[in-house]
Amino acid sequence: MIVSANGVDLYVEVHGEGVPVLLLHGWPDSSALWRAQVPVLAAHGFRVITPDLRGFGRSSRPEGKDHYQLANSVADVAAILDACGAPQAHVVGHDWGAAVAWLTATFLPHRVRTLTALSVPHLLAPMTIRQREMAWYQLFFQFEEVAEATLKHNDWAELRELTPGYKDIDHAIADLSRPGALTASMNWYRANLAPRPPGPPPELPAVTVPTLGIWSDGDRYLDGARMRASGDLIKAPWRYEEIPGATHWIPLDAPERLNELLLDWLG
């Protein structure tokens, strides 16, 4: 189905019947990231909703980085749930989808039964030196046109080097090769992670829904210490799980373990 809202057309798939579960992917993926989770959740009595986030997959790719501010994607989540007739859902997110999930739970807690965040911690989790080292690529992505040209050069050699072990790299390259798609994906970083002068962190309401944080020890981009510290920012039941041997892309590398954790947590 196509959900038209907030100036974009969002491609959304719905599988199964029962309690809604919304799965939000990250960069440079699409809803295909969840292909090992959808049939399992649907078979266990959940209604599984998997959108392509704005700028990705088969959804609209509006021009201009301001369209990719996280607040817009939180509004997209509300529109998707409305279109699916779901007043409330379990919300699961990975990478940028986790950032959207955190903010949805923060600002729209009445729409979220539980939150599951994969890889990305609470946005106010204390920064670490290790995280600053791991996030070097986020600064590189700020260089408009230069980043795009570099990633595409020599049959996407730089992107392949940046994402070792990423099992969907060829699918992602096919998606990013479409007109405007690579820049749209870069605009998530430019809209939300552009360098800013030092100052106090933003004030956010506490997360008040039960939250599961999952991190994998093979993640090259995110420091697990920040996910573990996220529990201090939640005024609700908190659970942390660590998956050994998986890269950043937990749904692809550890589908069976992730499915076990989701079924236990959502049930």
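The paragraphs below set out a description of the structure included in this document. Counting restarts for each chain, with residues numbered from 1 along the sequence as it is written. Reporting in this predicted model follows two pLDDT cut-offs: at least 70 for local features of residues, and 80 or more for side-chain atom pairs to be given and counted; totals over whole chains, interfaces and linings ignore these cut-offs and use all residues. Each side-chain value is worked out from all heavy atoms of the structure, with water and hydrogens disregarded.

## Quick notes on the overall build of the chain
Across its full length, the chain holds 11 helices and eight strands. In terms of overall dimensions, the chain has C-alpha extents of about 45 × 40 × 35 Å along its principal axes. Only protein chains enter the accessibility calculation, which uses a 1.4 Å probe. A residue is then buried if its area is under 20% of the maximum for its type, exposed if over 50%, and partly exposed in between. The buried share among the 267 residues of the chain stands at 55%. All accessibility values rest on the Shrake-Rupley procedure with a 1.4 Å probe; residue burial counts only the protein chains present in the view. For the chain, the accessible area works out to roughly 11400 Å², and carbon and sulfur atoms hold 54% of it. Charge counting follows a simple rule: Lys and Arg are positive, Asp and Glu are negative, and His as well as the terminal groups are ignored. The atom standing in for a charge is NZ when the residue is Lys, CZ when it is Arg, CG when it is Asp and CD when it is Glu. In the chain, the 22 positive side-chain charges and the 31 negative ones have mean positions that sit 3 Å from each other. Only runs of H or I of at least four residues qualify as helices and only runs of E of at least two qualify as strands under DSSP, and these elements are numbered from the N terminus.

## Let's talk about the pattern of salt bridges
For this analysis, a salt bridge means a side-chain nitrogen from Lys or Arg found within 4 Å of a carboxyl oxygen belonging to Asp or Glu. Counted under the stated rule, the structure contains 17 salt bridges. Its salt-bridge partner being Arg 58, residue Glu 13 comes within 3.9 Å of it at the nearest N-O pair. Of the two residues, Glu 13 sits in strand E2 (residues 8-15) while Arg 58 sits in the loop between strand E4 (46-51) and helix H2 (70-83), which places them 45 residues apart along the sequence. Among the salt bridges present, the one from Asp 264 reaches Arg 239, with a minimum N-O distance of 2.8 Å.

## A look at the sheet that holds strand E5 (residues 89-94)
Either a parallel or an antiparallel arrangement is found when strands of a sheet pair, and the pairing is made through backbone hydrogen bonds. Two strands form a pair only when DSSP identifies at least two bridges running between them. What the eight strands build is an open sheet, ordered E1-E2-E4-E3-E5-E6-E7-E8; its pairing is mixed. Two strands close off the open sheet at either side, each with one partner strand: strand E1 (2-5) and strand E8 (238-247). Here the strands of the sheet are splayed against their neighbours by 20° on average, with no regard to which way each runs. For E1 and E2, the ladder comprises four bridges, and the chain directions are antiparallel. Opposite Ser 4, over in E2, you have Asp 9 as the bridge partner. Across the sheet, H2 is in contact with E1, E2, strand E3 (19-24), E4 and E5; its angle to E1 comes to roughly 130°. Together, E3, E4, E5, strand E6 (112-118), strand E7 (211-218) and E8 form the strand contacts of helix H11 (residues 255-266), whose direction differs from that of E8 by roughly 170°. Here an axis means a line fitted to C-alpha atoms, over the contact stretch when the element is a helix, while the angle between two N-to-C directions is reported on a 0 to 180 degree scale. Only heavy atoms matter for contacts: two residues are in contact if any of them lie within 4.5 Å across the pair.

## What to know about the side chain of Asp 95
In this fold, Asp 95 is placed in the loop between E5 and helix H3 (96-107). N or O atoms closer than or at 3.5 Å make up a polar contact, with two conditions inside protein: a donor-capable atom paired with an acceptor-capable one, and, for residues adjacent in sequence, both atoms drawn from side chains. From its side chain, Asp 95 meets the backbone nitrogen of Trp 27 in a polar contact 2.9 Å long. Ignoring anything within four residues of it in the chain, the contact list for Asp 95 reads Gly 26, Trp 27, Leu 118, Val 120, Tyr 189 and His 248.

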